[in-house]
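# Summary of structural features
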Amino acid sequence: MRVLGIETSCDETGVALYDSEQGLLADALYSQVAMHTEYGGVVPELASRDHVRKLIPLIKEVMAEAGLSLNDLDAVAYTAGPGLIGALMVGASTGRALALGLGIPAMAVHHMEGHLLAPMLEENPPAFPFVALLVSGGHTQLVRVDAIGQYELLGESLDDAAGEAFDKAAKMLGLEYPGGPLIAKLAEQGDRTRFRFPRPMTDRPGLDFSFSGLKTFTLNTAESCRDDQGQIDHQTMADIAAAFEDAVVDTLAIKCRRALKETGLKQLVIAGGVSANKRLRTRLEEMVKAEKAHLFYARPHFCTDNGAMIAYAGCQRLLAGQQSDLTILAKPRWPMASLPPL
Ligand code: KG4
Ligand code: ZN
């Protein structure tokens, strides 16, 4: 089965073609980051308008790259949520209309299910059941995954998502949007022992997270380091970035270890934008080794938003005989645990 995947939930236009027999045939991404940087974050209306401009050219690009025509498609999968409503509407209406015009099924895909299944696109994918840590700009969740569509929420952030915390901390240090990769880069030059930031909610039982206190801690630390001109020297910035990154990474690792112990499972999957973070990967590799467990993640390009994960997730549901009705489905909020099993 050949499925065209369309992702437009936030600030990346992603399109890909996945074949259930041959794997990924083509993948194209347009990032709007440069446009939003000026505003320090995603401007929803600008995002929607840019998806309108880029989506059809990207679909053409992907079909050309695969050397196929639209008539060779068996189905279309589009991200239906969660995400920015205007941005979602672009992919949903285009995807649904394309499927209707071609007389083929459409599948409305949950964005976080897409992220969750992205490591399946790699060699040596995990086998069910496993524990998944979903860490993106909008979500931080620990999920027990027994099969596609069988999700048990083990814990989640009570306030900011991990990626959001990275972005906000970056802003406090005067870095551009999105701040996650920039904090990570700056942290490489930092002295990781100079500051010690708290590891929120690790001293009590449970698998929930909270990152808003860490944000305040970062702000206070940064303020206390400003000189008479209100500047923070480069080395201090790097030291703060390193302390912040270590606090987030450590907190995530402590909760992941706890989730493995509580479920008795031996496989940990990490997905979403923050799973591209090298420090997180290294720290979790050490943790799973000590627990005699295994860690799985996607290549960095498939950790952040992309069309391939949507094509893959949609394909799995379509292969199981599911398909969405004629509704153009766009849901800004959509709990993953409400998805039907295969
Ligand atoms: O999954 P994603 O592309 O979009 C959402 O669904 O939200 O995640 C984007 C988030 C941003 O907050 C970004 O700062 C963060 O992932 N991110 C990172 C890294 N790369 C992306 N955070 C830390 N380290 C990174 N290397
Ligand atoms: Zn995402």
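About the criteria used
Residues numbered from 1 in each chain as written. Chains lettered and ligands numbered in written order. Predicted model: local features only at pLDDT ≥ 70, side-chain atom pairs only at ≥ 80, totals over all residues. Heavy atoms only, no water. Pairing = 2+ DSSP bridges. Helix = DSSP H or I, 4+ residues; strand = E, 2+ residues; numbered from the N terminus. Phe/Tyr/Trp six-rings, centres within 6.5 Å; stacked < 30°, edge-to-face > 60°. Buried < 20%, exposed > 50% of the residue type's maximum accessible area, 1.4 Å probe, protein only. Donors = N, O, S within 2.8 Å, 3.2 Å for Na, K, Ca; no water. Tetrahedral: all angles 85-135°; square planar, octahedral: opposite > 155°, others 65-115°. Contact = heavy atoms within 4.5 Å. Near = heavy atom within 4 Å. Polar contact = N/O pair within 3.5 Å; in protein donor to acceptor, adjacent residues only side chain to side chain. Nonpolar A, V, L, I, M, F, W, Y, C, P; charged D, E, K, R; others polar. Salt bridge = Lys/Arg side-chain N within 4 Å of Asp/Glu carboxyl O.

Bringing the pairing of strand β8 (residues 150-156) into the picture now. Pairing geometry for strand β7 (residues 140-147) and β8, over six bridges, is antiparallel. Of the residues in β8, the one forming a bridge with A147 is Q150. The loop that links β7 with its antiparallel partner β8 comprises two residues; one of these, G149, has a positive phi angle of about 85°.

Let us look at the packing of aromatic side chains. In the structure shown here, the tally under the stated rule is five aromatic pairs. Arranged with centres 5.2 Å apart and planes meeting at 80°, the rings of Y18 and Y312 form a pair that is edge-to-face. Taken together, the residues span a long stretch of sequence, with Y18 in strand β2 (residues 12-19) and Y312 in helix α11 (residues 307-319) at a distance of 294 residues. Classification of Y312 as buried rests on a relative accessible area of 11%. Measuring from centroid to centroid gives 5.2 Å for F166 and F244, while their planes differ by 90°, and the two rings are edge-to-face. Linking F166 in helix α5 (residues 162-172) with F244 in helix α8 (residues 234-263), this pair joins segments that are 78 residues apart in sequence. Taking relative accessible area as the criterion, F244 reaches 1% and is therefore assigned buried.

Quick look at the coordination of the zinc ion (ligand 2) now. With distances of 2.0 Å, the protein atoms coordinating the zinc ion (ligand 2) are H111 (NE2), H115 (NE2) and D305 (OD). The site at the zinc ion (ligand 2) holds four donor atoms, and with the angles between them running 95 to 134°, its shape is tetrahedral. Of note, the zinc ion (ligand 2) draws all its donor residues from one chain, in the sequence arrangement H-x3-H-x189-D. Separated by 190 residues along the polypeptide, H115 in helix α4 (residues 111-117) and D305 in the loop between α10 (300-303) and α11 bring together distant segments of the chain. Accessibility classification places H115 together with D305 in one group, the buried group.

Turning our eyes to something else, we now look at the environment of F166. Taking the relative accessible area as the measure of exposure, F166 reaches 3% and is therefore buried. Counting along the chain gives 29 residues from F166 to G137, while the straight-line C-alpha distance between them is 8.6 Å. Apart from the residues within four sequence positions on either side, F166 is in contact with G179, G180, I183, F244, E245, V248, V274 and N277.

Next up on the list: the site of ligand 1. Lining the immediate surroundings of ligand 1 are 19 residues, of which H115, G137, D167, G273 and N277 lie closest. A distance of 3.0 Å is found between a nitrogen atom of ligand 1 and a side-chain nitrogen or oxygen belonging to N277. When residues of the shell around ligand 1 are traced back to their parent elements, those giving at least two are α4, α5 and α6 (179-187). Sorting elements by how many residues they give to the shell around ligand 1 places α5 first, with three residues. Tallied by class, residues from the shell around ligand 1 come to six nonpolar, 11 polar and two charged.

Attention now goes to the pattern of salt bridges. According to the stated counting rule, one finds 20 salt bridges in the structure shown. R317 is the salt-bridge partner of E113, the closest N and O atoms lying 2.8 Å from each other. Of this pair, E113 sits in helix α4 while R317 is found in helix α11, placing the two residues 204 residues apart along the sequence. Across this residue pair, the class does not change: E113 and R317 are buried. The salt bridge partner of R144 is D146, with a shortest N-O separation of 3.0 Å. Note on D146: relative accessible area 32%, which makes it partly exposed.

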